[in-house]
Amino acid sequence: METPMVAGAAVAAAAIAGRYGILAWQAFKARPPVARMRRFYEGGFQTAMTRREAALILGVRERVVAEKVKEAHRRVMVANHPDAGGSHYLASKINEAKDILLGKSNNSGSAF
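Values in this document were obtained by computation on a predicted structure and should not be read as measured data.

On to the confidence of the model for the protein. Low pLDDT means the predicted atomic positions in that stretch should not be read closely. Counting all residues, the mean pLDDT for the protein is 86, and 84% of those residues have values of 70 or more. The lowest-confidence element of the protein is helix α2 (residues 51–58), averaging 91 in pLDDT; the highest-confidence one is helix α1 (residues 2–30), averaging 93.

Below you can see the structure in the form of structure tokens.
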């Protein structure tokens, strides 16, 4: 007589757990998507640009091949070019970052 009662309780518990699992999955799927934005460097420019700061500006690693630096420089300049409404100051900093990473400049500073 106890066996049918235990079996019935087990089936009821499995049904309740299954219903809870389905409701939890539906709630998980219905939640709004979280924006996974890339974190950017939040800070001003240093007086003398370092390789680290130059890499942060262009979005590359400090030790990277010249082709990647040129590609990153082009990508950032397209978004910030003064002829397209960008800032002259930012354009000079982007160019300075490229020069430092390519070894063409000795921390001479920008025109600003």
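Moving on from the coordinates now.
On to the pattern of salt bridges, then. Throughout the structure, instances matching the rule amount to one salt bridge. Notably, a salt bridge pairs E96 with K93, separated by 3.7 Å at the nearest N-O pair. Taken together, the residues E96 and K93, both in helix α4 (residues 88–102) and three residues apart, mark about one turn of the helix. Each member of the pair, E96 as well as K93, carries the same accessibility label: buried.

At their nearest, the axes of α2 and α4 sit 9 Å apart, and the two run at 125 degrees to each other. When the interaxial angle is binned, α2 and α4 end up oblique. Both α2 and α4 take part in a crossing whose hand is left-handed. Of the residues in α4, those in contact with R51, A54, A55, I57 and L58 of α2 are K93, I94, A97, K98, I100 and L101.

Along the polypeptide, H73 turns up in helix α3 (residues 66–80). Take H73: its relative accessible area is 13%, and that puts it in the buried class. With 26 residues separating them along the chain, H73 and D99 place their C-alpha atoms 9.9 Å apart. The residues contacting H73, other than those within four sequence positions of it, are L58, I94, N95 and K98.

Conventions and cut-offs
- Numbering of residues starts from 1 in every chain and runs along the sequence as written.
- With the structure being a predicted model, the display of local features is reserved for residues of pLDDT at least 70 and the display and counting of side-chain atom pairs for 80 or more, all residues being used for whole-chain, interface and lining totals.
- Note: side-chain values were computed over all heavy atoms of the structure, leaving out hydrogens and water.
- As a per-residue measure, pLDDT reflects the predictor's confidence and takes values from 0 up to 100.
- Only DSSP runs of H or I reaching four residues or more are called helices, and only runs of E reaching two or more are called strands; each is numbered from the N terminus.
- Just to be clear on terms, a salt bridge is a Lys or Arg side-chain nitrogen sitting within 4 Å of an Asp or Glu carboxyl oxygen.
- Only protein chains enter the accessibility calculation, which uses a 1.4 Å probe. A residue is then buried if its area is under 20% of the maximum for its type, exposed if over 50%, and partly exposed in between.
- An axis is simply a line fitted to the C-alpha atoms; with a helix, the fit covers only the stretch in contact. Between two such axes, the angle follows the N-to-C directions and lies from 0 to 180 degrees.
- Each angle is binned into one of four classes, with values under 35 degrees roughly parallel, values over 145 roughly antiparallel, values of 65 to 115 roughly perpendicular, and all other values oblique.
- Should the near helix be turned anticlockwise from the far one by less than a right angle, the crossing is left-handed, and should it be turned clockwise, the crossing is right-handed.
- Whether two residues touch is decided by their heavy atoms; if any such pair falls within 4.5 Å, the residues are in contact.

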